[in-house]
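# Fold and contact review
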Amino acid sequence: MELALYHPEFGYYSSRDLNIGKRGDFFTSVSLGADFGELLAQQLLECCQNLGSLDHFALVEMGAGSGHLAIDILNYLSQKQPDFYHKITYYIIEISPRLRAKQQEYINTHLEVPVTLIWCDWSELPKITGCFFSNELVDAFPVEQIVIDNGQLKQVYVKYEQEKFHELLEPPATAELLEYFQMLEIDILTYPDGYRTEVNLRARQWLENIARKLETGYLITIDYGYAAQRYYHQQRSEGTLQCYYRQHRHNDPYFRTGQQDISASVNFTALELWGANLGLDLVGSTKQALFLMSLGLGDRLNEISFSSNNINELLKRRDAIHQLIDPIGLGNLQVLIQSKNIDQTLDLRGLIEAF
Ligand SMILES: C[S@@+](CC[C@H](N)C(=O)[O-])C[C@H]1O[C@@H](n2cnc3c(N)ncnc32)[C@H](O)[C@@H]1O
């Protein structure tokens, strides 16, 4: 999965034609216009206000895709919160060199007011006072697959022979896999034969990086996923791995290797437990629909009815807003907020349920 997605030459995220959006293989909340980014910007602003009246705040976007989210956030803040805007340093951590180049081109041509903007990797990132955030990043990390085989946990390995991929079931390469299920209090060895699922060990390394760099502030993670009990429900016996090729969803990771997206849902309980061990306190978690409604998406929906004379524009925007809160689509994404060295009594508007 790592090579298929991130090989510098042949990986999906390195490919020349990678196009995230309505006409690409997949689209995200960011592809539906500026509403998502602008509401997230309001939440980021409130997070920074909770840190006190400082001279500098850092916003760190991880996995910035097309660069549209950065533009939606930055242009909104420069218009609505100019004093805050001038205190920001905006960092982007992006694994794909090709996407990094795309982001630079898009942001340089669309940024309305100059700001300090830095692309870097973890080793270059300074200590952060502010917010880390990501949208649909963690579900793109390469995962381990495991299968229960006669009461034993086996790991799925992949070999390439005679121009084909073959799966091998072998004992796990690391004790971390069994420790992971122990941490979750899931008795995986009692699961039926053939039960297959995923474990995202990269998410732990990622949290370690954040915990190391975050001095004071927040981490906002928005992604597809569930709590552990639902994720590892016995009925979900084929796991959560999903592949997207030109908007078609299927579950064959060996199809058109390097040309299709592959993702696996996120176990949010693991992010909470690992985070707690690393000093990242749970602030709260909710669904994207509730998060955006609490931040004012409902008001935006009401306002657009009066804002445009162009009926096509109006219907398009209304449809986009409905998609952001669709309970069987993007509205079902999970939003998790964790913090470090923050007074836990401080509220965040996105977590105050709107209904
Ligand atoms: C599914 S796309 C989401 C893009 C964007 N956040 C959005 O919502 O449209 C995943 C993004 O994360 C990046 N990515 C994946 N793994 C990464 C990692 N370990 N570090 C930084 N970026 C990563 C990908 O290259 C891509 O930009």
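Above this text sits the structure in question.
This text gives an overview of the structure that appears in the document. Just so it is clear, the model here is predicted, and its values are computed rather than measured.

The subject of this paragraph is empty space enclosed by the protein. Over the atoms a probe the size of a water molecule is rolled, and this reveals where empty space is left. Applying the stated criterion to the full structure yields one cavity of 30 Å³ or more. Of the voids in this model, the largest cavity is the one considered here, and its volume is about 40 Å³. Taken together, Val138, Tyr180, Asn200, Ala203, Val266, Asn267, Ala270, Leu271 and Trp274 make up the lining of the largest cavity. Among the elements that line the lining of the largest cavity, the one with the most residues is helix 9 (residues 268-277), at three residues.

This part is about the layout of surface pockets. Here the second largest pocket is characterised by a volume of approximately 720 Å³. What lines the second largest pocket is a set of 24 residues, and nearest its centre among them are Met1, Glu2, Leu3, Val143 and Val158. Elements represented by at least two residues in the lining of the second largest pocket include exactly helix 1 (2-6), strand 5 (144-149), strand 6 (152-161), strand 7 (164-170) and helix 7 (202-213). Looking at the lining of the second largest pocket element by element, the count peaks at four residues for strand 6.

Another point: the site of the ligand. Around the ligand sit 17 residues in total, of which Thr28, Gly63, Gly65, Glu94 and Asn135 are the nearest. At 2.7 Å, a side-chain N or O of threonine 28 approaches an oxygen atom of the ligand. The contact in question runs from an oxygen atom of the ligand to an N or O atom on the side chain of asparagine 135, over 2.7 Å. For the ligand, whose free accessible area comes to 590 Å², the fraction covered by protein is 92%. Broken down by class, the residue content of the shell around the ligand amounts to ten nonpolar, five polar and two charged.

When two helices pack together, their arrangement is given by the angle between the helix axes and by the axis-to-axis distance. Following both chains from N to C, one finds helix 2 (residues 35-49) and helix 3 (residues 68-80) inclined at 60°, their axes separated by 8 Å at the closest point. It follows from the interaxial angle that helix 2 and helix 3 lie oblique. Crossing angle aside, the handedness with which helix 2 passes helix 3 is right-handed. Counted together, Phe36, Gly37, Glu38, Leu40, Ala41, Gln42, Leu44 and Leu45 of helix 2 and Leu69, Asp72, Ile73, Tyr76 and Leu77 of helix 3 form the full contact between these two elements. Along the lines of polarity and charge, the residues of the contact of helix 2 with helix 3 split into nine nonpolar, two polar and two charged.

What counts and what doesn't
- Residues numbered from 1 in each chain as written.
- Predicted model: local features only at pLDDT ≥ 70, side-chain atom pairs only at ≥ 80, totals over all residues.
- Heavy atoms only, no water.
- 1 Å grid on protein atoms, 1.4 Å probe; cavity = no way out; pocket = protein on both sides within 12 Å on 5 of 7 lines; lining within 4 Å.
- Points joined across faces, edges and corners; volume = space filled by probe spheres on them.
- Helix = DSSP H or I, 4+ residues; strand = E, 2+ residues; numbered from the N terminus.
- Near = heavy atom within 4 Å.
- Polar contact = N/O pair within 3.5 Å; in protein donor to acceptor, adjacent residues only side chain to side chain.
- Areas by Shrake-Rupley, 256 points an atom, 1.4 Å probe, with all protein chains shown as cover.
- Nonpolar A, V, L, I, M, F, W, Y, C, P; charged D, E, K, R; others polar.
- Axes fitted to C-alpha atoms, helices over the stretch in contact; angles between N-to-C directions.
- Parallel < 35°, antiparallel > 145°, perpendicular 65-115°, else oblique.
- Left-handed = near helix turned anticlockwise from the far one by under 90°.
- Contact = heavy atoms within 4.5 Å.

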